[in-house]
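# Breakdown of the fold
As a plain string of letters, each chain reads:
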Amino acid sequence: MAEPDPETFSSGAGQRLGAPETLGISTLDPGHRPPSMPPGRHVTIRVRMLDDTEKLFDVSQKASGKVLFDLVCSHMNLIEGDYFGLEFQNQQKMMVWLDHIKPIIKQLRRPKHTILRFSVKFFPPDQSQLLEEMTRYLFALQIKQDLSCGRLICSDTNAALMVSHIIQSEIGDFDDSHCRSHLLNNNYIPDQMPLIDKIMAFHSKHIGQSPAESDFQLLDVARKLDMYGIRLHPAKDLEGTVLSLAVAHMGVVAFQTHAKSNSHTKINTFSWSKIRKLSFKRKRFLIKLRPDLNSSCPDTLEFLMASRDCCKIFWKICVEYHAFFRLFEEPKPKPKSVLFTRGSSFRFSGRTQKQLIDYVRESEFKKIPFERKHSRVRYNSRVQHNSRLSPLPSPRHHEVPSESGVPEDKLSSSPRHHWKESALVSAEDPAASRTSKISPAHQSNGHEDRQGSVSKIEESRGSTRRTSPEHPSQGVVPHSPHLSVPLHGMVNGQKSLEPCSHSLDGRQPSPLTSPLLNDACSIRTDDEDEVRRKRFPTDRAYFIAKELLTTERTYLKDLEVVTVSFPSAVGLDEATPDSLKNTIVSTFEPLHKFHTGFLREVEQRLALWEGRSNAHIKGDYQRIGDVMLKNLQALKPLTTNLHKQSEILLELEKACQASRKVEDLCRDFELQKVCYVPLNVFVLRPIHRLIHYKQILERLCKHYPATHVDFRDCRAALADVSEVVEQLQGSLIKMENLQKLLELKKDLLGVDNLVVPGREFIRLGCLSKLSGKGLQQRMFFLFNDVILYTSRGMTPTNQFKVHGQLPLRGMTIRESEDEWGVPHAFTLVGQGQSVVVAASSLTEMEKWIQDIKIAIEMAQTSNGPMSDVLTCTLTDNKCPEDSPAEAESEDDTPASPTTLEKPTPHRGNTMVHVCWHRNTSVSMVDFSVAVENQLSGNLLRKFKNSNGWQKLWVVFTNFSLFFYKSHQDDYPLASLPLLGYSVTVPSDHENIHKDYVFKLHFKSHVYYFRSESEYTFERWMEVIRSATVSSSKARFLNSKAPHPH
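All figures in this text were calculated on a predicted structure; none of them were measured in a lab.

### What to know about the overall build of the protein chain
Along the backbone of the protein chain there are 26 helices and 32 strands. Taken across its 1045 residues, the protein chain has 56% of its residues classed as buried. Considering only contacts in the protein chain between residues 6 or more positions apart, those separated by 24 or more positions represent 68%. Accessible surface, the protein chain as shown: approximately 46,000 Å² in total, 51% of it carbon and sulfur.

Here's what the structure looks like:
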């Protein structure tokens, strides 16, 4: 018999990371059910899960191993199934993994008498690479098994720490008697008794830690151990020394075995980058290394194993580990030889880790709640809000026909059809919105669960159904160790279907089994989406009113940042002045209460307008002006003190200057996810919201004819809000300037008195400064009296270090492109020094020159501030162009000021940092336009190389798009700064055959967004252009842009 030829990883086995991306076949692609069964006689196979429950699966004898594995993953609704596998004991009494390609009948000689174990096959180096909570839970169960059986060998301290996380997940917070009793009745590690006190000591430190957080912390401890994920294969070297070989994510690992102490010491690791070839011949396992002149290790290492089968089993798992962690895509099958065959045809089958991570991040699925078998922890309201795996669906239920045309809730639980009942969710399904993919360590971070108004209208044409989150656990039997048992035949508020597989001996189903899904998570085609869209109003006024609804939801969330999140994080501290607390409460609490009721009325009116309730009288409710008129009149008394918002900004700044602790608390709060824009931006939101009301009413009045029933109310409401806005306009300009100066002060290092009366901010952005070392990137800040130039040095605080200042009084400016031979260059000639700078483009140069000339005129004609901006240390070392003291490269820039305290980080995603990275600039006029063009709502997003559309709640503000799963989320999942992006309509060759789609493009980054109507399409194009096009051209382009449809 011919032995397998040595397998090479680099030749034809797949592409390395960084190769051009291609689409692979996934285990559970969105929109696909488990694969169909091949014809033939069926056999029942028993699988033991990680929670020690057993399930029976009915498969064809001719089915491949992949069919059975997909059934198991579908049964658990497991998305990241590629980390796992099915292992069993073969005829030689050795544990092997089920091959996905070979038929089951060729691998299991006696299927009815074989138990397959569902286990972790590939152990990643970092638990944060596991994106799903359920995946981390399964990994935690695997670690628990490895600890219990003695496979995961570690020190007593690490063992006690891991057990403490396990029991925190199972029994909750520490209680001395309860914890001791639990440890006496349950064994988690061999010889546990001497460690009980140490386990309890660790457990007492985990108070408040949720089960998801415990899983995360358990994996964090386990991944640092030498024996993490290690499955030892006995071997000997050529000298007869007893060794053990194993494979891990980094390569092949050799352990020395100590028989007396039953321990193992890692003696060498052969990384994948050093291995040229792995092969075996009979009982010899060969590792061929790449030549290394600096190493005394031979090029070929040879190990002896017990038999040829042992060699082959270890060689196979090495091939799979290498492919999973190192290749970009699944290896292609080798072409079969016509005459002779040599070597093994075995190859890795499935997604690689790179494909899996990209697949999970780009695809969206319905998260199904699952019950932890051993956990008796019950979440409080805060944890439940952040940790539950799916939004609660509506009690309504619609029958979903099966392939035979019979509704699925009528299907029997025949094992032959159980796999048909696990439906996956298409990326276009709005009900597939999942909670944010974050580590459990952050899932409970944030303020308490808000009892705000719950949406009563559907976000997408009748597809999203929700109920109030105030009652998230109705219908669940408390303290049940098994799957949640719904009352009255309901599963999570929906009619329950029959179980999808057998249970042994009348046992309860495995807690890993998810409730079956109804039509809210079934696949929806574009035709169905179009039918749902046509059921609802198409009048332009309806979409204008819907914009009022969506932006009001965002505004209410912003108010909650100030009224709920900020007081809970900063206001409870004794160092926070009472005057600041009282000012915030008296200003924002009444506004929050009012807008909560206003939002509820708008939601009810839109529900009536859409005809989903009281449909027989919906004609009387197809208007919004009366609701706005009534509420704006009620809001008017609350706006009388809005011109004093600047006092809150100054009060906050004063508190930070007076107390270092308050400053640290505010800085830490700004780093939280809930504070997605700078804190002082939220303070001015109430005034900005009045401007939005005015714009919405202007659009309604422009749309309605004078005879329309809603016209008179809209015009009256417009008159009321216009009066208030006009009164606040002068104060708003000053407050926006003050807010911007305070924000810039936090971004600059070396500034002493930036915020002084009379100083106005004009523009900030990147210019290249010419010096003896050539052109150096610098960040310039233009005010009405001075120009500051800075660089982003290697400072741990993410701040910009100021190098110098150029007073504007007496300054002249001239273009210098021909003088210096540098494109788009101009010279700033001041008193005693001159600076040559170059812009990134002609447009940028023209904007800078225009604004600087205006600022010079303002400095000449006014008695503006003349105080020195820089601190003493920088002023004394002020560096003219020819002075060597100035650090002209980032490498030369010193770190933060000398201090014994550890520097605290600042926000690294402010507009200053975006301009630095995008090499562009922004003016104060641009900021004002961006304030007027805030927008929010649902959009479908698609990446350049993806197939499906993902529904997201999108908020546009501060020149950025912020992405949420739904409008109820407390903080965004991600953001996309739009400076530098271009917004266009997709061309024909891009094959985006959808209506109302716009395209965002920056260098190689391409995103497609799809809106629901022509009006929303136009609005999104308008507001995004305000961020991507200079303010002087934005209105011109918006007025002349033709609609593509």
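### Considerations on the sheet that holds strand E27 (residues 950–957)
Reading across from one edge, E29-E28-E27-E26-E32-E31-E30 is the order of the 7 strands in this open sheet, with antiparallel pairing throughout. The sheet is open, and its two edges are formed by strand E29 (974–977) and strand E30 (982–984), each paired on a single side. Strand-to-strand, the axes of this sheet are offset by a mean angle of 35°, without reference to chain direction. When strand E26 (residues 935–943) meets strand E32 (residues 1005–1010), the two strands line up antiparallel, connected through 4 bridges. Pairing of Lys942 across the sheet is with Tyr1008, part of E32. Sheet strands in contact with helix H12 (residues 540–571) are E26 and E27, and its direction is about 95° off that of E26.

### Re helix H4 (residues 176–185)
Residues that lie three or four places apart on an α-helix share one face, since the helix turns once every 3.6 residues. Looking only at H4, the buried set comprises Cys179, His182 and Leu183. Around the axis of H4, the buried residues are gathered within 95° of arc, so they sit on the same side. H4 presents Ser177 and Asn185 as exposed residues on the side facing more than 90 degrees away from its buried surface. In this fold, the buried residues of H4 make contact with helix H3 (156–171) and helix H5 (196–203).

### Considerations on the nonpolar core
In this structure, Phe84, Phe118, Phe285 and Ile287 are the most contacted members of the largest nonpolar core, which totals 106 residues. In terms of residue count, helix H7 (residues 308–326) provides more of this core than any other element does, 12 residues in total. Within the second largest apolar cluster, 75 residues are counted, among which are Val627, Met628, Leu652 and Cys666.

### Let's talk about H3
If you check H3, its first and last C-alpha atoms are 22 Å apart, about what 16 residues at 1.5 Å a residue would give, namely 22 Å. In terms of burial, H3 is largely enclosed, as 12 of its 16 residues are buried. Here H3 has its buried residues at Ala159, Ala160, Met162, Val163, Ser164, His165, Ile166, Ile167, Gln168, Ser169, Glu170 and Ile171. On its buried face, H3 is in contact with helix H2 (133–148), H4, H5 and helix H6 (211–222).

### Here we look at the side chain of His692
Looking at the secondary structure, you find His692 in helix H18 (residues 685–703). Owing to a relative accessible area of 8%, His692 belongs among the buried residues under this scheme. Dropping the residues within four chain positions of it, His692 is found in contact with Val931, Glu932 and Gln934.

### Some points on the packing of H3 against H4
Where H3 meets H4, the axes come as close as 12 Å, and the angle between the chain directions of the two elements is 110°. The angle between the axes of H3 and H4 places the two elements in the roughly perpendicular class. Side by side, H3 and H4 meet where Val163, Ile167, Glu170 and Ile171 of the first sit next to His178, Cys179, His182 and Leu183 of the second. Residue classes in the contact of H3 with H4 are distributed as 5 nonpolar, 2 polar and 1 charged.

### Concerning the packing of helix H15 (residues 645–658) against helix H19 (residues 711–747)
Relative to each other, H15 and H19 sit at 20°, their axes nearing to 9 Å. Judged by the inter-axis angle, H15 sits roughly parallel to H19. Where H15 crosses over H19, the two elements pack in a sense that is left-handed. For the pair formed by H15 and H19, the contact residues are Gln645, Ser646, Leu649, Leu650, Glu653 and Gln657 on the first element and Met735, Leu738, Gln739, Leu742 and Lys745 on the second.

### As for a negative patch on the surface
Together, Glu815, Glu817, Asp818 and Glu846 line one region of the surface with negative charge. With respect to the helices, strands and loops of the structure, Glu817 is situated in helix H20 (residues 817–820). Here Glu817 falls in the partly exposed class, since its relative accessible area comes to 37%.

### Comments concerning the environment of Ala212
Here Ala212 is to be found in helix H6. On the basis of relative accessibility, which here comes to 1%, the residue Ala212 falls in the buried class. As a C-alpha pair, Ala212 and Tyr137 span 75 residues in sequence and 7.4 Å in three-dimensional space.

### Considering unusual backbone geometry
In this structure, Arg282 is a non-glycine residue whose phi angle is positive, near 55°. Mapped onto the fold, Arg282 is located in the loop between strand E11 (275–281) and strand E12 (284–289). Phi is positive for His824, which is not a glycine, with a value near 60°. Secondary-structure assignment places His824 in the loop between H20 and strand E23 (825–829).

### A word on the packing of aromatic side chains
One pass over the structure, following the stated rule, counts 32 aromatic pairs. Taken together, a centroid distance of 5.9 Å and an interplanar angle of 80° make the contact between Phe123 and Phe139 edge-to-face. You can see Phe123 sitting in the loop between strand E6 (115–120) and H2 and its partner Phe139 sitting in helix H2, a full 16 residues away along the chain. The two residues Phe123 and Phe139 agree in class, both being buried. With a centroid separation of 5.5 Å and an interplanar angle of 35°, the aromatic rings of Tyr321 and Phe325 are classed as tilted. A residue pair is termed a helical-turn pair when its members lie 3 or 4 positions apart in one helix, as Tyr321 and Phe325 do in helix H7 at 4 residues. Its relative accessible area of 13% is what places Phe325 among the buried residues. Grouped by ring-pair contacts, the aromatic residues Phe69, Tyr83, Phe84, Phe118, Phe122, Phe123, Phe139, Tyr228, Tyr321, Phe324 and Phe325 constitute a single cluster. Its guanidinium or amino end placed over the ring of Phe1002, Arg918 lies 4.8 Å from that ring's centre, counting from NZ or CZ. Across the ring face of Phe963, the terminal group of Arg941 is positioned such that the distance to the ring centre comes to 5.2 Å.

### Let's talk about the environment of Arg372
Summarising the element assignment, Arg372 is placed in the loop between helix H8 (353–362) and helix H9 (381–387). The spacing of Arg372 and Leu138 is 234 residues in sequence and 9.9 Å in space, taken between C-alpha atoms.

### Details of the environment of Tyr676
In this structure, Tyr676 sits in the loop between helix H16 (660–670) and helix H17 (679–683). On the accessibility criterion, Tyr676 (8% relative accessible area) is buried. Note: C-alpha distance between Tyr676 and Ser975 (299 residues apart in sequence) is 9.0 Å.

### With respect to the side chain of Ser946
With respect to the helices, strands and loops of the structure, Ser946 is situated in the loop between E26 and E27. A residue is classified by how much of its surface remains accessible, and Ser946, at 11% relative accessible area, is buried. A polar contact is formed between the side chain of Ser946 and the backbone nitrogen of Phe943, at a distance of 3.0 Å.

### Examining the confidence of the model for the protein chain
Per-residue pLDDT for the protein chain averages 75, and the proportion of residues at 70 or more is 70%. Of the regions scoring below 50 in pLDDT, residues 1–32 engages in 92 contacts with residues more than four places distant in sequence or in other chains. Across residues 872–903 the pLDDT falls below 50, and counting only partners more than four positions away or on other chains, this stretch makes 52 contacts in the model.

Thresholds applied
- Residues numbered from 1 in each chain as written.
- Predicted model: local features only at pLDDT ≥ 70, side-chain atom pairs only at ≥ 80, totals over all residues.
- Heavy atoms only, no water.
- Helix = DSSP H or I, 4+ residues; strand = E, 2+ residues; numbered from the N terminus.
- Buried < 20%, exposed > 50% of the residue type's maximum accessible area, 1.4 Å probe, protein only.
- Contact = heavy atoms within 4.5 Å.
- Areas by Shrake-Rupley, 256 points an atom, 1.4 Å probe, with all protein chains shown as cover.
- Pairing = 2+ DSSP bridges.
- Axes fitted to C-alpha atoms, helices over the stretch in contact; angles between N-to-C directions.
- Arc of directions from axis to C-beta.
- Core = buried A, V, L, I, M, F, W, Y, C linked by side-chain atoms within 4.5 Å.
- Expected span 1.5 Å × (residues − 1).
- Parallel < 35°, antiparallel > 145°, perpendicular 65-115°, else oblique.
- Nonpolar A, V, L, I, M, F, W, Y, C, P; charged D, E, K, R; others polar.
- Left-handed = near helix turned anticlockwise from the far one by under 90°.
- Patch = residues over 30% accessible without salt bridge, like charges linked within 9 Å, V, L, I, M, F, W, Y side chains within 5 Å.
- Salt bridge = Lys/Arg side-chain N within 4 Å of Asp/Glu carboxyl O.
- Lys, Arg positive; Asp, Glu negative; His and termini not counted.
- Charge placed at Lys NZ, Arg CZ, Asp CG, Glu CD.
- Phe/Tyr/Trp six-rings, centres within 6.5 Å; stacked < 30°, edge-to-face > 60°.
- Lys NZ or Arg CZ within 6 Å of the ring centre and 35° of its normal.
- Polar contact = N/O pair within 3.5 Å; in protein donor to acceptor, adjacent residues only side chain to side chain.
- pLDDT = per-residue confidence, 0-100.

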